[in-house]
Structure formats: structure tokens, C-alpha cells
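# Architecture at a glance
Each chain, written out:
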Amino acid sequence: MSTETAGPVRGRPTDSLRAATIGHPVRTFLITGVAMFMAQLDNLVVSIALPSIRESLHAGLSGLQWTVSAYTLTFAVFLLTGSTLGDRFGRRNLFVAGLAVFTAASVVSALAPNIAVLIAARTVQGLGGAVIVPLSLTLLSASVRPEKRGAAVGAWGAIGGLAVALGPVIGGAVVEAASWQWIFWVNVPLGVVLLPLAWFGLTESRGPARRLDVVGTVLATGGLLGVVLGLIRGGDVGWTNALVLTGFIAGAVLLAAFVLWELRTEAPMVPMHLFRGRSFPLINVSALLMSFGMFGAVFFLSQVFQTVFGDSPLASGVRVLPWTGMPMLVAPIAGILSDKIGGKWIVTVGLGLQAVALAWVASVASATVSYTSLLPAFIIGGIGMAMFFAPIANLVLGSVRRDQEGIASGVNNAMRELGGVLGIAVMGVVFAAHGGYNPTATQSAPQHFISGLIPAVYTGAAVLAVATLAMLLVPGRRPAASQGGDDAHPYQEAEDVAQGVGGPVEGHRHQEAATTPA
């Protein structure tokens, strides 16, 4: 393992705080950045391809829901586990294994002859993504000097934002130029190229050998799977169906067992003591509800232009760009404002704007509505998303002690992913109760889709309104001393974010402690 150590520079306050770096920073950034972009791009690319998948594989609503949720659910549950495995078996080793799994699952997805095979492949793909994304940040953080780590983490986050912004357009272009299968085929050459580059270009590192919470992972996976299965299947076969009831009951029992286990085990996947205060639980409830309302609505809005208005996949991607692309423009401004007036108020306004945007869409939606009537809502929704995402990490980190920031960030990321899964499931139930994809005796297919879309999107608006109220209840900003002290390292927060999704950076903590003047 190669180690590059920064030499001291006289007269600078951070002389004694420099730590060893692991690997070449530029090479690591390029490899991990492309891999993370590929994994993050996948969900929005798939969303814009849902109408084509529905027609090609003769899938119903539940099949489309599982196509998206299978990836997100697996990703959310194994997000924290992936970083723990990387600490134990080597981050480069696990990162390469995650790439291989993601690439192989992409091949199976592209070749899927039916919706069941596609869902199974997407589940495995989510497992690969849950390893790639957190370890990409840990490997990157380990390769740069502490005083530059904030910029590196910011650039890593910008790549994720770019994937969100361009996902619908890229997905639409690929589907229109080739077919929906190619949204998965494009991952294959990238994966094949990245595998040797990652193996030979990244430097191996390990973290503290943390105990793997196997029981907690199994309980959380089974519990969430049971609840989501009940929600998705209930709309199709009825709420008294034996499978649906079994899913709900078993899911509730397993989730209750998960909480009890996490309270008792010595090495919990989700430390329950984080939820004892007011700030952390309310921030995470707001984050979960934001993903619930917004991404549940996006699941249907990404289909409306093709299903109702007959637009091409590329045109559909371009039409939703004001929503997905706005955060790239507004997030820097929101970040600056949050430093001046506090992140709580920026996030609260952002959640409120997203609720207004969805209510606007639901109020004007019809089979003949013009795009110009929807555009202001898309812009407002995009601004609201930016105002949420820009300060939320600082809010999470400020709600816990300094030594808890890493796991707190990871829990928040997992909660947001789970919110999207639950939003698609619940809003799918509302959609199915009032509308569908096929014509009826009294409604055309576009009208039937709109009949389901309106109450589903109103549901998302209501959930976002609740998220806004939850954020209002978050206590105001605490004094700096209570968040780590006046003499806390200025680059510490960026490192703690890296820990939250990818584990501690080996060597950095101990060296800082050893070299900080008494």
C-alpha cells in the first residue's frame, strides 16, 4: 500500500494536522467519480424508460413499481453494511466486487425476457450500487489531504447532482435512439473498463474491523420487504388477500424485532440512541417524507408525457429537466444562505415549495393540459429540491455529537432511500384505486391515467406539507461550542460525511490526535 505524506509548512495553523493520504487523488477521483455517476444515474434513467418497459414486457403497475423499488430497497438496506464490509475485507476489494456485481446485473437486466427477471436483476444491481456509492467516497476521502477534503467531497456530491439532472435526458435519448434494454447495456462497457482501472489504479485501505450486524440486516430487509410487498400487491389483489396480510404482519413483526435487536446488540447497524433527542428524529422524518412525496410523484410524472401526451422518451426527459436540473443552479445559493440564516429555514422553505409544486401539478393536470401550465410547478419543485439538499447534511451533522456524525450521515442517507420506496408503494396504491393504464368504458387510456395521477400527486403534496411541519419543529441552531467546540478542525465535517457512507479513513483520526498540540 503506497502512502504519500504531506510535509510540514512553517507558519500555517494546520501544519501539525496534516495526515497521510492513501492513493493518487486525481486517479482516484476519476475512477470513483465515474463509478458513482453510473450507479446514481441508474434510477432516473430507468424511470424515464418505464413506459417502454411496460409495453415491451407487458408489465402492470406493480411490475413497474418493483422495477424501481427493488433497486432502491436493496441499496438502502445494504448502504451501511457495504461500508462495514469494506473496512473489514478491503475497500478496493469490495469496490471492485461491487462494480462486478453491478455490471453483471446490468447484463441480466438488458437480457430480461420478462418483468420478473428484470426485478430480480435490479435487486442484485442495487446490492452492487450499495457498495459502489459509499466506498467511492471513502476511497476518495482517503486519497486527498485533510485541508482539501471538503473540496473533494463537494466535487463528489456535484457528480451525483449531475447524474440526477441529466438522468432523464440521457435515459430518454438512449431509449429513443435504441431501446429500453440499452439503458442497461451502456453500463457494461463502463464497468468492463472500470474493473481493471479500479483494481490497478486504486490503493487498498482498511478501516477498524467493525462487527457486521447480520441479524439487524436480515430483520430490516425482511421487515421492509414484507411491508412494501403488502402495499404493492394490495392494490392488485385486495387488502384481505392472504399474501398481502402475511406481508404486513410479518413485516411489522420483523421491524419491531429489528428495533429491539438494535437496542440490545453491542454493534448495531442503526444505533437507536441517536433518536433520543428531538433534532435528529425530526430531521430524518422530514427527509424520509420528502423522498416519499417527491420521488413517489416523480415515478408517475416521468411517465405522464409519454403515456398521456404521446411524447418521445427524449422529449419527455427534456420536459422534466427544469425540475431535475434546477438544483444544479440553485444549490450553491441555498448553501450560502444556509450559512447566514441557518439551514433549518432553508430546508423548511424548500419542503414547502415542493408541496406547492405537487399541489400545482395536481390542480392543473388533465389529458389536454399544456406544458406551459406545468412548467412553473416544475421550476418551483426544482428550487425546493435544491433548498432541501444543499443544507440537509449540515443539519444532520449538527444534530448529533461529533463522534456520532459518521453513522448519523449514513442513517440519513438510508432513510431518504427508504422514503422513495415507500412513496412509490403508497402513491401507487392511490393511483390504482382511482386510475390505471388501460381505457375503461367511460375513459380513454390517457384520461384513466390522469384520474389516478391527480389523487396520487395530491397525496405527495400532503406528505410534503407534513414534512414541512416536522422541520419547523426542529430546534434552532445550537452554539458552535456544542457542535464540536470552537477549536474543531475546519476539515473535520467533510471527513465525517465520508465516514457516514463509507467508514472511517484509516490513519487520519489517530494521526490528528497524535499531532494536535495539547
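As shown above, the structure is provided for reference.
Residues numbered from 1 in each chain as written. Predicted model: local features only at pLDDT ≥ 70, side-chain atom pairs only at ≥ 80, totals over all residues. Heavy atoms only, no water.

## Describing the side chain of Thr81
Put simply, the rule is: A run of DSSP states H or I qualifies as a helix once it reaches four residues; a run of E qualifies as a strand once it reaches two. Both are numbered from the N-terminal end. Counting of polar contacts relies on pairs of N or O atoms within 3.5 Å, with two restrictions inside protein: one atom must be capable of donating a hydrogen and the other of accepting it, and residues adjacent in sequence are counted only when both atoms are side-chain atoms. A contact between two residues is defined here by any heavy atoms of the two lying within 4.5 Å.
Along the polypeptide, Thr81 turns up in helix H3 (residues 61–89). A polar side-chain atom of Thr81 sits 3.3 Å from a polar atom in the side chain of Thr217. Sequence-distant contacts of Thr81, that is, excluding residues within four places in its chain, are made with Leu212, Thr217 and Met269.

## Brief notes about the packing of helix H1 (residues 25–48) against helix H4 (residues 91–111)
Using the following cut-off: Each axis is a line fitted through C-alpha atoms, taken for helices only over the stretch in contact, and angles between the N-to-C directions span 0 to 180 degrees. Any angle that falls under 35 degrees is termed roughly parallel, while one over 145 is termed roughly antiparallel, one within 65 to 115 roughly perpendicular, and all others oblique. Each crossing gets its hand from how the near helix is turned against the far one by less than a right angle, where anticlockwise is left-handed and clockwise is right-handed. Residues are grouped as follows: Ala, Val, Leu, Ile, Met, Phe, Trp, Tyr, Cys and Pro are nonpolar; Asp, Glu, Lys and Arg are charged; all remaining types, including Gly, are polar.
Orientation of H1 relative to H4, taken along the N-to-C sense of each, is 40°, at an axis distance of 12 Å. Put simply, H1 runs oblique to H4. The two elements H1 and H4 cross, and the hand of that crossing is left-handed. Residue-level inspection shows Ile31, Thr32, Ala35, Met38, Ala39 and Asp42 of H1 in contact with H4, the latter providing Phe95, Leu99 and Phe102. In terms of residue class, the contact of H1 with H4 is built from seven nonpolar, one polar and one charged.

## Side note on the pattern of salt bridges
Worth spelling out the cut-off: Salt bridges are defined by distance alone: a side-chain nitrogen of Lys or Arg within 4 Å of a carboxyl oxygen of Asp or Glu. Only protein chains enter the calculation, and the probe is 1.4 Å; a residue is then buried if its accessible area is under 20% of its type maximum, exposed if over 50%, and partly exposed in between.
In total, this model carries two salt bridges according to the counting rule given. For Asp42, the salt bridge identified is with Arg122, shortest N-O distance 2.2 Å. Taken together, the positions of Asp42 in helix H1 and Arg122 in helix H5 (residues 115–143) put the pair 80 residues apart, joining distant regions of the chain. Asp42 gets classed as buried once you look at its relative accessible area, which sits at 2%.

## Considering a nonpolar patch on the surface
Counted only if it meets this: Put simply, a patch holds well-exposed residues, over 30% relative accessible area, that have no salt bridge, with like charges counted together within 9 Å and Val, Leu, Ile, Met, Phe, Trp or Tyr side chains within 5 Å. Where accessible areas are quoted, they stem from the Shrake-Rupley method and a 1.4 Å probe; at the residue level, only the protein chains shown are allowed to cover.
Nonpolar side chains collect at one region of the surface, where Ile333, Leu337, Ile341, Trp345, Leu469 and Leu472 lie side by side and expose about 580 Å² of accessible area between them. Elements represented by at least two residues in the nonpolar patch include exactly helix H13 (321–341) and helix H17 (445–472). A total of three residues in the nonpolar patch trace back to one element, the largest contributor, which is H13. Inspection of the secondary structure assignment puts Leu469 in helix H17. Look at Leu469 and you get exposed, because its relative accessible area is 54%.

## What to know about empty space enclosed by the protein
Quick note on the threshold: Of the two site types, the cavity is a set of points on a 1 Å grid over the protein atoms alone where a 1.4 Å probe fits but cannot get out, and the pocket is an open set with protein on both sides within 12 Å along at least five of seven lines, each lined by residues with an atom within 4 Å of a point. Grid points are joined across faces, edges and corners, and a volume is the space filled by probe spheres set on the points.
All chains considered together, the criterion is met by four cavities of 30 Å³ or more. A volume near 150 Å³ is recorded for the largest cavity. Those elements that provide at least two residues to the lining of the largest cavity are H1, helix H6 (146–177), helix H11 (279–307), H13 and helix H15 (371–398). Looking at which element gives the most residues to the lining of the largest cavity, the answer is H11, with four residues.

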